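Each chain, written out:
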Amino acid sequence: MAVVKARANDIDLLARLLRAEAEGEGEQGMMLVGNVGINRIRANCSDFKGLRTIPQMIYQPHAFEAVQHGYFYQRARDREKRLAQRSVNGERSWPGKFSLWYFRPEGDCPPTWYNQPLVGRFKLHCFYEPKPGECDNIYNTF
C-alpha cells in the first residue's frame, strides 16, 4: 500500500531520480534517496511545505542536482522502477529512514547540513534528519 499517491508515470520519474542521484551507491543507496524523497512529501515542514506529489518534490527548485543533467532524462529501467515502488510503499531504512536531506561531500560529513544534525553516512552520501519537534510528520507510522 502506497504512503504517497503515485501513478505509473510518477514511479518512472522517481526511478529516474534514484538512478541519477545514486546509481553508484547500489540498490541500498538508491533506496535511501527514495526514503528522503518520500519523507519530503510527507513532512509538510521546513523547506518542504506544500509538497504533495512526486513531481513537485523532484522539480522543487534546487532540490536535486540530477535534474540538471541529461542522465536524469533517460528512460526509467525496471530495476529502478521496482526500487521506486518500494519507496512509495513506505520501505525505509537507516540512515534515510527519517532524513530530509542528503549530500555527497568531498571528504568527511559535516556535523550539520542546513542546520540539521548528521544521522549517518552510506557510502559517499551523508544523511540529515530534522531536529526534534521540527518535522514530526516524518516520524508517523504508515
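Scroll up for the structure.
All values reported here derive from a predicted model rather than from experimental measurement. In this numbering scheme, every chain counts its residues from 1 along its sequence in written order. pLDDT decides what is reported in this predicted model: residues at 70 or higher carry local features, side-chain atom pairs at 80 or more are listed and counted, and totals for whole chains, interfaces and linings draw on all residues regardless. In computing side-chain properties, one takes all heavy atoms of the structure into account and sets aside hydrogens as well as water.

Caption draft 1: Quick peek at helix α2 (residues 26-43). For α2, spanning 18 residues, the distance from its first C-alpha to its last is 26 Å, which sits close to the expected 26 Å at 1.5 Å a residue. Relative accessible area decides the class of each residue, using a 1.4 Å probe on protein chains only: under 20% of the type maximum gives buried, over 50% gives exposed, and in between gives partly exposed. Runs of E in the DSSP output that reach at least two residues are strands. Runs of H or I that reach at least four are helices, and both are numbered from the N terminus. Judged by how many residues are buried, α2 sits mostly within the fold: 16 of 18 residues are covered. In this scheme, a helix's expected span is set at 1.5 Å multiplied by one less than its residue total.

Caption draft 2: Just the packing of aromatic side chains, in detail. Two rings from Phe, Tyr or Trp (for Trp, the six-membered ring) form a pair when their centres are within 6.5 Å of each other. A pair whose planes differ by under 30 degrees is stacked, one over 60 is edge-to-face, and the rest are tilted. One pass over the full model with this rule turns up nine aromatic pairs. For the pair tyrosine 59 and phenylalanine 72, a centre-to-centre distance of 6.2 Å together with 85° between the ring planes defines the contact as edge-to-face. Of this pair, tyrosine 59 sits in the loop between α3 (54-58) and α4 (78-88) while phenylalanine 72 sits in the loop between α3 and α4, and the two are 13 residues apart along the sequence. Pairing phenylalanine 103 with tryptophan 113 gives two aromatic rings, centres 3.6 Å apart and planes at 10°, and the pair type is stacked. A residue pair is termed long-range when its members are at least 10 positions apart, and phenylalanine 103 in strand β1 (residues 101-103) and tryptophan 113 in strand β2 (residues 112-113) qualify at ten residues.

Caption draft 3: Seen up close, the pairing of strand β4 (residues 125-128). Every second residue of β4 is oriented toward a common face, with His125 and Phe127 on one face and Cys126 and Tyr128 on the other, all of them buried. In short, DSSP must find at least two bridges between two strands for them to pair. Connecting the antiparallel pair strand β3 (residues 116-122) and β4 is a turn made up of two residues, with lysine 123 showing a positive phi of about 50°.

Caption draft 4: A look at the pattern of salt bridges. When a carboxyl oxygen of Asp or Glu lies within 4 Å of a side-chain nitrogen of Lys or Arg, that pair is called a salt bridge. The full count for this structure, using the stated rule, is six salt bridges. Arginine 77 serves as the salt-bridge partner of glutamate 80, at 3.1 Å between the closest nitrogen and oxygen. A relative accessible area of 1% places glutamate 80 in the buried class. One salt-bridge network, in which partners are shared between bridges, spans Glu23, Arg77 and Glu80.

Caption draft 5: Layout of the pairing of β3. Where β2 lies against β3, two bridges are found, and the strand directions are antiparallel. In the sheet register, tryptophan 113 faces β3, and the bridge partner there is glutamine 116. A loop of two residues connects β2 with β3, the two strands running antiparallel in sequence, and tyrosine 114 in this loop sits at a positive phi of about 50°.

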